[in-house]
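An overview of the molecular structure
So the chains spell out like this:
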Amino acid sequence: GGMSRAVVHMAAGGIAGALSALITQPFEVVKTRLIDQASRSLSHVHYSGTLGTLRTIRVEEGARGLFRGLVPTLFRVIPGAGLYFTTIHTLRSATQKNGKTPTPFQNMMVGGASRALVTAVLVPITVVKTRMEAGTSYVPWEEGKK
């Protein structure tokens, strides 16, 4: 039925999101560190390029540093990807009444509406995730771990 299909889409999206996050988290940390460094007027450049930043983090913080922010990322991406897959499926099904194929415009609107909904719901955890990846801003459960 409709509910069981929604659960399947939610689970598939969550699993896909979790696997993606595990693979890409070190690069998210690097991106955040480089952006954070560029936004400060530093006379000393600590991070240099993608590979150099990966190496610096691994040497100074260990492998754990490359996965800083993974927990809030998973709290964000598992329900986010699940909600996105489910919303897309639900809205696309609504545009396919009587077996009609959705128009490109309908597909664009379905994708945009789904992404907007997920983004709005996940803003708070996204802020926490980014602060943890930067390794510079306070989040309560990271106190004393630097």
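For the structure itself, look to the data block above.
In this report, the structure presented in the accompanying data block is examined. (Residues numbered from 1 in each chain as written. Predicted model: local features only at pLDDT ≥ 70, side-chain atom pairs only at ≥ 80, totals over all residues. Heavy atoms only, no water.)

1. Comments concerning the environment of Ala16
With respect to the secondary-structure elements, Ala16 resides in helix α1 (residues 2-39). Owing to a relative accessible area of 38%, Ala16 belongs among the partly exposed residues under this scheme. As a C-alpha pair, Ala16 and Ala81 span 65 residues in sequence and 7.5 Å in three-dimensional space. (Helix = DSSP H or I, 4+ residues; strand = E, 2+ residues; numbered from the N terminus. Buried < 20%, exposed > 50% of the residue type's maximum accessible area, 1.4 Å probe, protein only.)

2. Considering helix α5 (residues 104-134)
Over its 31 residues, α5 runs only 39 Å from end to end, short of the ideal 45 Å by more than 12%, given 1.5 Å per residue. A maximum bend of about 60° is found in α5 at Val123, where proline Pro124 lies one to four positions downstream. Phi turns positive one or two residues past the end of α5, at Gly135, with a value near 70°. (Expected span 1.5 Å × (residues − 1). Bend = angle between axes of the 7 residues up to and from the residue.)

3. Regarding the side chain of Gln25
Tracing the backbone through its elements, the reader meets Gln25 in helix α1. For Gln25, a relative accessible area of 1% gives the class buried. Polar side-chain contacts of Gln25 include one of 3.2 Å to the side chain of Thr73. Residues contacting Gln25, with those up to four places away along its chain left out, are Leu66, Phe67, Arg68, Gly69, Leu70, Thr73 and Glu133. (Polar contact = N/O pair within 3.5 Å; in protein donor to acceptor, adjacent residues only side chain to side chain. Contact = heavy atoms within 4.5 Å.)

4. Some points on the packing of helix α4 (residues 70-95) against α5
The contact between α4 and α5 brings their axes to 9 Å, and the two run at 170°. One finds that α4 runs roughly antiparallel with respect to α5. Here the contact of α4 with α5 is composed, by residue class, of 14 nonpolar, nine polar and five charged. (Axes fitted to C-alpha atoms, helices over the stretch in contact; angles between N-to-C directions. Parallel < 35°, antiparallel > 145°, perpendicular 65-115°, else oblique. Nonpolar A, V, L, I, M, F, W, Y, C, P; charged D, E, K, R; others polar.)

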